[in-house]
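What follows is each chain in one-letter form.
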Protein chains: 2
Amino acid sequence: MALRYALLGLLAKNEATGYELTQQFKETVIHFWTAHHTQIYRELLKMEEEGLTHSKTVQQSDYPDKKIYTITDKGFAQLLEWMLNKPVNVPKLKDDLLLRVSMFHFIPTERAIDFLEKSKEHHQMGLMMTKKWQEENFPKGTYGENELGEYLTSEFGIRYMESWLSWCNWAIKVLKKKGES
Amino acid sequence: MALRYALLGLLAKNEATGYELTQQFKETVIHFWTAHHTQIYRELLKMEEEGLTHSKTVQQSDYPDKKIYTITDKGFAQLLEWMLNKPVNVPKLKDDLLLRVSMFHFIPTERAIDFLEKSKEHHQMGLMMTKKWQEENFPKGTYGENELGEYLTSEFGIRYMESWLSWCNWAIKVLKKKGES
DNA sequence: TTCTACATGTAATGAGTTACATGATTAC
DNA sequence: GTAATCATGTAACTCATTACATGTAGAA
């Protein structure tokens, strides 16, 4: 159910196509939610059936036609109702790498370090990109009226990746120390 | 597919019942994976059919009968094959609270602060419990042969919650500053 | 010539959630 | 007397993933 509120939240700020919403998921929502484009398109269709959104099709000459979605009053009302009155579910994480880390005692130490080094690269890249995005969108910590949420969650993303990297360095040290003995 | 490797990883350390595996998920695996008991029992049945695990039923007088699962050679081989040769999937997070944070511009500032305060309590409690668990299991950072993984991931959990709390305090400051103006 | 961006979707399968079911014992 | 612990599961449902499908334009 929550995917729909993520989408309504984005639409409450700006009208958008399914494609654009997918891009926004990759850029900003990724810090706390994930969804495939197939899921997004399906949810948008369902929400329109239920009158939470409204769409208009725009013909384009060079590119495929697109469908621009807007949120309806009913949609916004349901979004607020969810935000204020529905219980907050516990967070759910699925981290494939940490799952492997939890079994590092089964594989050679050098191989374990390799996993961590590769994962460091990913997080370093993600951190750089998010920092750049933050500087472009909130120079010197200034944010617009309807950008408060994005400002707070992008900072969360940055801190999360930084903490990840620091843990990773610590874990590599532990492994190297173990490798020596 | 990954749930099965999480279970095989635990069974490779000790034989266990579905119930015990569920408890272990709540205690240690929670830092990087989540699963309901119904899912765990289903997966255990499937794995036994495929010869990855083996079970014996133990009759008990005071308590219900229980089924103790052990990992087979085939199961351990598949676990290693997955660990060393399968691509590492990207981590997936679903955080209901951060989803709400991303829409804080739609609700009153005091209400937003309430959400964060309540969430701080949860993370503080989790942090305390994990620290206590770590001290009991790895006093002064000493871990056993087959405990390396748990040692590394529990430290991840602690750092994650600490970073969460620090972000939370920062976010509350931002909101209070906004509330003043 | 191969990849990426643009743009939207269906169908099949796999994973995860919720509600229900049973029933004794022990701690508050 | 109420809740929690022990212990295992089925059935129905919702949600998420993967593979497939289409087709143009511009950049490397």
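Conventions adopted
Residues numbered from 1 in each chain as written. Chains lettered and ligands numbered in written order. Predicted model: local features only at pLDDT ≥ 70, side-chain atom pairs only at ≥ 80, totals over all residues. Heavy atoms only, no water. Domains from an automatic or database assignment. Contact = heavy atoms within 4.5 Å. Buried area = accessible area lost by both parts, 1.4 Å probe. Salt bridge = Lys/Arg side-chain N within 4 Å of Asp/Glu carboxyl O. Polar contact = N/O pair within 3.5 Å; in protein donor to acceptor, adjacent residues only side chain to side chain. Helix = DSSP H or I, 4+ residues; strand = E, 2+ residues; numbered from the N terminus. Nonpolar A, V, L, I, M, F, W, Y, C, P; charged D, E, K, R; others polar. Pairing = 2+ DSSP bridges.

**Quick word on the domain arrangement of chain A**
Residues and elements named next belong to chain A.
Okay, step 1: Partitioning chain A into structural domains gives domain 1 (2-85) and domain 2 (96-180).
Okay, step 2: For domain 1 and domain 2, the distance between their C-alpha centroids amounts to 29 Å.
Okay, step 3: Taken together, the contact between domain 1 and domain 2 spans 5 residues of the former and 10 residues of the latter.
Okay, step 4: Roughly 630 Å² is buried in total at the junction of domain 1 and domain 2, and carbon and sulfur atoms are behind 56% of that figure.
Okay, step 5: Of all residues in domain 1, Lys13, Thr28 and His31 give up the largest surface area on contact with domain 2, accounting jointly for 77% of the area buried on that side.
Okay, step 6: Scanning the region where domain 1 abuts domain 2 turns up 1 salt bridge.
Okay, step 7: One salt bridge in this structure joins glutamate 150 and lysine 13, with 2.9 Å as the shortest N-O distance.
Okay, step 8: Counting the contacts that link domain 1 with domain 2 gives 2 residue pairs in polar contact (both at pLDDT 80 or more).

**Describing the interface of chain A and chain B**
Okay, step 1: Each partner contributes residues to the interface: chain A has 63 residues there, and chain B has 63 residues.
Okay, step 2: Inspection of the region where chain A meets chain B yields 24 residue pairs in polar contact (both at pLDDT 80 or more).
Okay, step 3: Within the residue set of the side of chain A that touches chain B, elements represented by two or more residues are α1 (2-13), α4 (73-85), β4 (92-94), α5 (96-101), α6 (109-137) and α7 (148-180) of chain A.
Okay, step 4: Among the elements that take part in the side of chain A that touches chain B, α7 of chain A stands out by supplying 19 residues, more than any other.
Okay, step 5: Considered class by class, the residues forming the side of chain A that touches chain B number 38 nonpolar, 11 polar and 14 charged.
Okay, step 6: With 3 bridges connecting them, β4 of chain A and strand β4 (residues 92-94) of chain B associate as antiparallel partners.

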